[in-house]
Amino acid sequence: LEYQVFGTSFPGYHVVNVLVHALASVLLFLLLRRSGVGDVAALFGGAFFLVHPANVEAVAWISQLKTSSALVFTLLALLALERRPALSSLAFGLGLLAKPTAALALPVAVALSWLRRARQARESHRRTLIWLGVWSMVFAAFAVAEMLAVGRTITYVEPIDPDPWVRLRSSVALVAHYLEMATTSRGLSAFHEPGPALSFLDPGWLAGLTVIAVITARTLVALRARREEAAWWIWAGVAFLPVSQVFPFPYPLADRYLYPILPGLIGGTLLAAQSLLPRLRLRGPWPARVAAVAAIAVLTTLSLRAHDRARIWAVPALVLADAAANYPDGMHGHLLRAHRQVQNGRTREAVASLRAAHERGFDGFEQILQGNVFQHLR
């Protein structure tokens, strides 16, 4: 439909992506309110998601409309489940067709239904359970086709390391990477090439293990108290599983993979803060004023950082340069060196750099055969 309307005029695609991302932010605000987050805090949560620099990749990359639209359908499905269950089921199915990450809606909906059971009328709760059964059947049908497709593709991807313990530690280390990206916006990159966690003393592995322990403990506490905070931590955990490298794929870490994880972290953090702050017994108008100033400062900083990241995605050469700057010994770092070495007539060094890039996964031989950069090297 977009192609019929816009053809090869690219701005139209970008406008659609931005509007869909904005819609996801609004729906997140509404779902946060539904979970009991105060209006101001929920508004901050939606704005935090809207301007977060990690989301730039998913919005700027035209083909990633699947990522933002899947989240829109996920949020819509959760919002409509109790009052418009048929619409909710349709949204869940469309979310799965957009991107499999929408499957996270099912465990989150089950958690929310259990946590809200005491507040719901028996007939209403029973109807919700019936429709969750419909969701389960939709997901089961989708999962069969998805697993067949995944089974045919992952056989061609080498895992990050043949040692299963290294792979486990590396997956846990990714948790720390994503949390750093989510909370500070540090560590973002056009392409990521993190090294494996070779030791049990690896800082990333230890940090990831700590994060998992804290979030798990917080989830159990919230479940015991029947607070909806637990459902948001479950959201973050379930959204991480597909990108945890249980099924390996070429880029084990990416900014866009944080897109479906971030709402869970936002909701869990806001609800945890809401339950913990009363214990501090802060009085007077100054705590609210300090919080408002801090929120404005955070959103302004993230906005400026997002604007800076957006410029990278406007020029292909900047995408390569950003990846090479963040991972100088990675595939893109070696490719960039090969480009410069060929331009300077250093053929032997260029060949060595290309071989190093190949060892790190580069298989774009068509760039060498067809590109002008490597004409002299050919």
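For clarity, every value in this text was computed on a predicted model and none was experimentally measured.

## Things to note about the nonpolar core
- In terms of nonpolar packing, the biggest core is built from 69 residues, with Leu78, Trp135, Tyr178 and Trp235 touching the most fellow members.
- Not counting residues up to four positions away in its chain, the partners in contact with Tyr178 are Phe240, Val243, Pro252, Leu253, Ala254, Tyr257 and Leu258.

## Focus: unusual backbone geometry
- Phi is positive for Ser185, which is not a glycine, with a value near 65°.
- On the basis of relative accessible area, Ser185 is assigned to the buried category, the value being 5%.
- Even without being a glycine, Arg226 presents a positive backbone phi close to 55°.
- Note on placement: Arg226 falls in the loop between helix H10 (203–224) and helix H11 (229–240).
- Residue Arg226 is classed as partly exposed on the basis of its relative accessible area of 30%.

## Examining empty space enclosed by the protein
- For the structure shown, the criterion picks out two cavities of 30 Å³ or more.
- Here the largest cavity defines a volume of roughly 50 Å³.
- Forming the boundary of the largest cavity are Leu78, Leu81, Glu82, Ala109, Leu112, Ser113, Arg116 and Thr128.
- At three residues, helix H7 (residues 105–115) tops the list of elements feeding residues into the lining of the largest cavity.
- Its residues assigned to classes, the lining of the largest cavity shows four nonpolar, two polar and two charged.
- For the second largest cavity, the calculated volume is near 40 Å³.

Thresholds applied
Counting restarts for each chain: residues are numbered from 1 in the order of the written sequence. In view of the model being predicted, local features appear only for residues whose pLDDT reaches at least 70, and side-chain atom pairs are presented and counted only at 80 or more, with totals across whole chains, interfaces and linings using the full set of residues. Side-chain numbers here rest on the full set of heavy atoms in the structure, without hydrogens or water. In this text, buried Ala, Val, Leu, Ile, Met, Phe, Trp, Tyr and Cys residues form a nonpolar core when linked through side-chain atoms within 4.5 Å. Remark: exposure states derive from per-residue accessible area (1.4 Å probe, protein chains only) relative to the maximum for the residue type, with buried under 20%, exposed over 50%, and partly exposed in between. Throughout, a residue-residue contact means that at least one pair of heavy atoms, one from each residue, lies within 4.5 Å. A run of H or I in DSSP counts as a helix once it spans at least four residues, and a run of E counts as a strand once it spans at least two, with each numbered from the N terminus. The pocket and cavity definitions rest on a 1 Å grid over protein atoms only: a 1.4 Å probe that fits but cannot leave marks a cavity, an open set with protein on both sides within 12 Å along at least five of seven lines marks a pocket, and residues lining either have an atom within 4 Å of a point. Grid points are joined across faces, edges and corners, and a volume is the space filled by probe spheres set on the points. Note that Gly is not counted as nonpolar here; it falls among the polar residues with everything else outside the nonpolar set of Ala, Val, Leu, Ile, Met, Phe, Trp, Tyr, Cys and Pro and the charged set of Asp, Glu, Lys and Arg.

All we've got here are geometric facts, nothing functional implied.
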